[in-house]
Each structure stands twice: as C-alpha cells, then as structure tokens.
Amino acid sequence: MTEKIHLKDVPDDDVAFRYIAKKTDFVRVMQRTKSRINLDDQGKLALDLPGVDLEAIQLCVLEAIRRYGSSGWRHASGHSVVYGGFSLTANPDHSDKIDHRFSSLGSPRNRFDDFSQAPTGEAAIAYGILKNSYYDTYGFRRRTDASKVGALGRFLDSIPLSMIRSRVGIIPGANVDPSELADQNLSSWHRDEPVCENLRINVPLRTDPNFVFETEGIPPYHVPVGQAFTWDTNRLHRVYCIGRTSTIRIHLVVGLAPWFRYLPDDDAWEPNEYFGRIHPFDMVGEGLLGPHLRLCSSVGGCNAA
C-alpha cells in the first residue's frame, strides 16, 4: 500500500505529479493499462450531460465574472486579448504570487505558447523553480470561490474525482484576427498531459462554428453546445478561430486526477481505487465521473472495442 505523498516533500526542481509518479511506479502501470473504448473518427469521446442545465451554468459563469473578474492568458510579454477566463482551481502556494482567481491562466515566466507540460533539462533550469509554478498541475488542488457559484458549483461538486488545474476558457471572437495567427496563443500546437495523469473534460457553454478544434492528422471541426467532450490531449492539438465573430466563446476546461485522490487535511495525494485498474476513458464509459457525465448514447459517437 503506497503511503500518502505530501506536497511539502516535493523538491523545488520538480512538480508534484512527477514526484508522485516516481513514488507509485506510475509510468509502468500506465503503459500496461489499455482502454477498451475507441475514440470516434475525430479522436474524441462525446459525453451526454443528463440533468445539466447548461444555460444556468452559463449564467453562473457570467455571475462569477461579475463577482470575481476575469483575466487574459498571462505570458512573459503581458496578457493575451484573444484568450482568457478565470480559474476553477488554484494553488495556494503559487511560486509566482499570481492572484488565485487567475492562476491557472498562464504565468509571467511562460512563453505565450506554453500550456501544460513541465520543461525538462536545460529548459527547466532556465525556467527556475518548478514546484508550485504554473506547470505544477497537481499543485492546483483548491477550488476557487468562482468555481462554487450556483449551478456551476453544483455541477463541479457532482464529479467525485479530485480536480486539478482547471479553468473557464473565454475567447472574445471580436478580438481575433485570423490574419495574425502568430499573435494568437490559442492557435499554437501543443500537447497536454497523458490522460492517466490529467483527464480533461471540455464543456462548451457558448460558441459558434468559427471556433474549431484540431488534432494532428484530423481535419479541424467545431464542438457544439449540448455535450461534453474528452480527447487524448497528449496528442498534438490546437484550438483556434477561423474568422472574426461577435460571439464570445465560453468553455469549461475541467482537469481531473483519474488515478489519485487529494487529501486536504494532510495536503497530500494518494492512489485511488482506479489506479492501474481502469483506464480513464473506461472510467468515462462506466459512469465513474458522477451522475451528470455519461458516455454519449448517440449512434457512432463512441464505440466500444
């Protein structure tokens, strides 16, 4: 039985999850755990949202912005005007002293196109202390006040897995200039963590067909309001806007720790009952993400292998 892994024990030159992985033989276990569920032709799983009032959640997002504010994505050159939002989780020990309301939206130490995976080698040395930085995904273990507003809070409360770095992502379509893609951090190709480390659930609340998602090797496509989605976000991918629009795109980007449980009283993590037993995509298929996230029932949306 693995002991609790206390965040205070993570070295300054590492992030919590890499330390956890070393303590739990995570890499070997991940490599042997395969999903029984096939992604669809667009490389995603669609999830139904039974009992979820998306309009009510959208109104609560707007109320959270009124109460707590929003911010552009932060990077070494300033703040983005084409991508922003607010944090659903925060790291109370953030090394860059960023306002917890927006601390999952980049960092003044990040390049504009740095998103999730922690640097290694010389890049890590140049970046500085990694512990409690933006890259410390499992350091983002406390829900923000904005995440608890009304229907938004109730939806997040219904998910039994521990939340990690999460946000409401907002793209003001009127600020996007498709002719200047180099200035759009949201247009940059990138990889996020493997799904056994971070299972990301994306819930569109407001959008239009100008906003598209693209995975390497798959043509870009629009994800509509009405379902939630998850992908293998460790594959190269990007989100971008193909044309200026008056729509303000609003998505929930919920990061979940599929195989680990946060223990707030100990400020520690431990493997949960699914560790190495059930692939995160199979956890979706078995309804383990709570009563309001279910593998889609439509034909062809997700197919069991």
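Residues numbered from 1 in each chain as written. Predicted model: local features only at pLDDT ≥ 70, side-chain atom pairs only at ≥ 80, totals over all residues. Heavy atoms only, no water.

S.K.: So what about the pairing of strand β14 (residues 248-257)? Which residues, and what values?
M.R.: Burial runs high along β14: 9 of the 10 residues are buried. Two elements, strand β8 (residues 162-163) and β14, share 2 bridges in a ladder whose sense is antiparallel. Of the residues in β14, the one forming a bridge with Met163 is Leu256. Inspection of the sheet shows strand β9 (residues 167-172) paired to β14 by 6 bridges, in the antiparallel sense. Bridge pairing in β14 places Ile171 opposite Arg249. (Buried < 20%, exposed > 50% of the residue type's maximum accessible area, 1.4 Å probe, protein only. Helix = DSSP H or I, 4+ residues; strand = E, 2+ residues; numbered from the N terminus. Pairing = 2+ DSSP bridges.)

S.K.: For the environment of Val15, give the residues involved together with the corresponding values.
M.R.: The residue Val15 is located in the loop between β1 (5-6) and α1 (16-24) in this model. With a relative accessible area of 5%, Val15 lands in the buried category. Linking Val15 and Tyr134, residues 119 residues apart in sequence, is a C-alpha distance of 9.7 Å. Every residue in contact with Val15, bar those within four places of it in the chain, is listed here: Val10, Ala118, Leu130, Tyr135 and Asp136. (Contact = heavy atoms within 4.5 Å.)

S.K.: Tell me what's going on with empty space enclosed by the protein, and back it up with residues and numbers.
M.R.: Taken as a whole and assessed by the stated rule, the structure comprises 2 cavities of 30 Å³ or more. Of the volumes computed, that of the largest cavity is approximately 300 Å³. Breaking the lining of the largest cavity down by element, the ones donating at least two residues are β9, β10 (199-206), β13 (237-241) and β14. Each residue belonging to the lining of the largest cavity can be placed in one class, and the counts come to 10 nonpolar, 7 polar and 4 charged. In this structure, the second largest cavity encloses a volume near 40 Å³. (1 Å grid on protein atoms, 1.4 Å probe; cavity = no way out; pocket = protein on both sides within 12 Å on 5 of 7 lines; lining within 4 Å. Points joined across faces, edges and corners; volume = space filled by probe spheres on them. Nonpolar A, V, L, I, M, F, W, Y, C, P; charged D, E, K, R; others polar.)

S.K.: Could you give an account of the packing of aromatic side chains, naming the residues involved and the relevant values?
M.R.: Applying the stated rule across the entire model yields 17 aromatic pairs. Between the aromatic rings of Phe26 and Phe260, the centroid separation amounts to 6.3 Å while the plane-to-plane angle is 45°, which identifies the pairing as tilted. Residue Phe26 is found in helix α2 (residues 26-32), and its partner Phe260 is found in strand β15 (residues 260-263); the two are separated by 234 residues along the sequence. Per residue, the accessibility class of Phe26 equals that of Phe260, and both read buried. With centroids separated by 5.7 Å and ring planes inclined at 55°, the aromatic side chains of Trp73 and Tyr83 adopt a geometry described as tilted. Here Tyr83 lies in strand β5 (residues 78-87) and Trp73 lies in strand β4 (residues 71-75), a separation of 10 residues in the sequence. Grouping residues by exposure puts Trp73 and Tyr83 together as buried. Aromatic rings pair up to connect Phe17, Phe26, Tyr138, Trp259, Phe260, Tyr262, Trp269 and Phe275 into one cluster. For Arg165, the ring lying beneath its charged end belongs to Tyr134, and the centroid distance is 4.5 Å. When the ring centre of Tyr240 is taken as origin, the NZ or CZ atom of Arg238, which lies over that ring, is 4.2 Å away. (Phe/Tyr/Trp six-rings, centres within 6.5 Å; stacked < 30°, edge-to-face > 60°. Lys NZ or Arg CZ within 6 Å of the ring centre and 35° of its normal.)

S.K.: Run through the nonpolar core, naming residues and quoting values.
M.R.: Counting residues in hydrophobic clusters, the biggest one holds 84 residues, and the most contacted among them are Phe155, Ile201 and Leu252. What Ile201 contacts, discounting residues up to four positions off in sequence, is Leu47, Ala228, Phe229, Thr230, Leu252, Val253, Val254, Leu256, Leu289 and Leu293. (Core = buried A, V, L, I, M, F, W, Y, C linked by side-chain atoms within 4.5 Å.)

S.K.: Describe helix α3 (residues 54-68), with residues and values.
M.R.: Counted at 1.5 Å a residue, the expected span for α3 with its 15 residues is 21 Å, and the 20 Å between its end C-alpha atoms agrees. Within α3, the full set of buried residues consists of Leu54, Ile57, Gln58, Cys60, Val61 and Ala64. Here the buried residues of α3 occupy an arc of 160° about the axis, which is enough to place them on one side. Facing away from the buried side of α3, by more than 90 degrees, are the exposed residues Glu55, Leu59 and Arg66. Here the buried face of α3 lies against β5, α5 (150-157), β9, β10 and β14. For α3, the side-chain oxygen to backbone nitrogen distance between the N-cap and Glu55 is 3.2 Å, and the N-cap itself is Asp53. Positioned one or two residues after α3, Gly69 has a phi angle of 90°, which is positive. (Expected span 1.5 Å × (residues − 1). Arc of directions from axis to C-beta. Polar contact = N/O pair within 3.5 Å; in protein donor to acceptor, adjacent residues only side chain to side chain.)

S.K.: Explain α5 to me, using residue names and the numbers behind them.
M.R.: Buried within α5 we find Ala151, Leu152, Gly153, Phe155 and Leu156. Looking at the buried side of α5, the elements it contacts are α3, β5, β7 (142-143), β8, β10 and β14.

S.K.: Mind laying out the pattern of salt bridges, listing which residues take part and the relevant values?
M.R.: On inspection of all chains with the given rule, the structure shows 21 salt bridges. With a closest N to O distance of 3.0 Å, Arg109 and Asp96 form a salt bridge. Of this pair, Arg109 sits in the loop between β6 (89-90) and α4 (121-127) while Asp96 sits in the loop between β6 and α4; the two residues are 13 residues apart in sequence, bridging distant segments of the chain. Here Arg261 ties to Glu273 by a salt bridge, and the two come within 2.4 Å at their closest N and O atoms. Within this pair, whereas Arg261 is found in strand β15, its partner Glu273 is found in the loop between β16 (268-271) and α6 (280-285), the two being separated by 12 residues in sequence. (Salt bridge = Lys/Arg side-chain N within 4 Å of Asp/Glu carboxyl O.)

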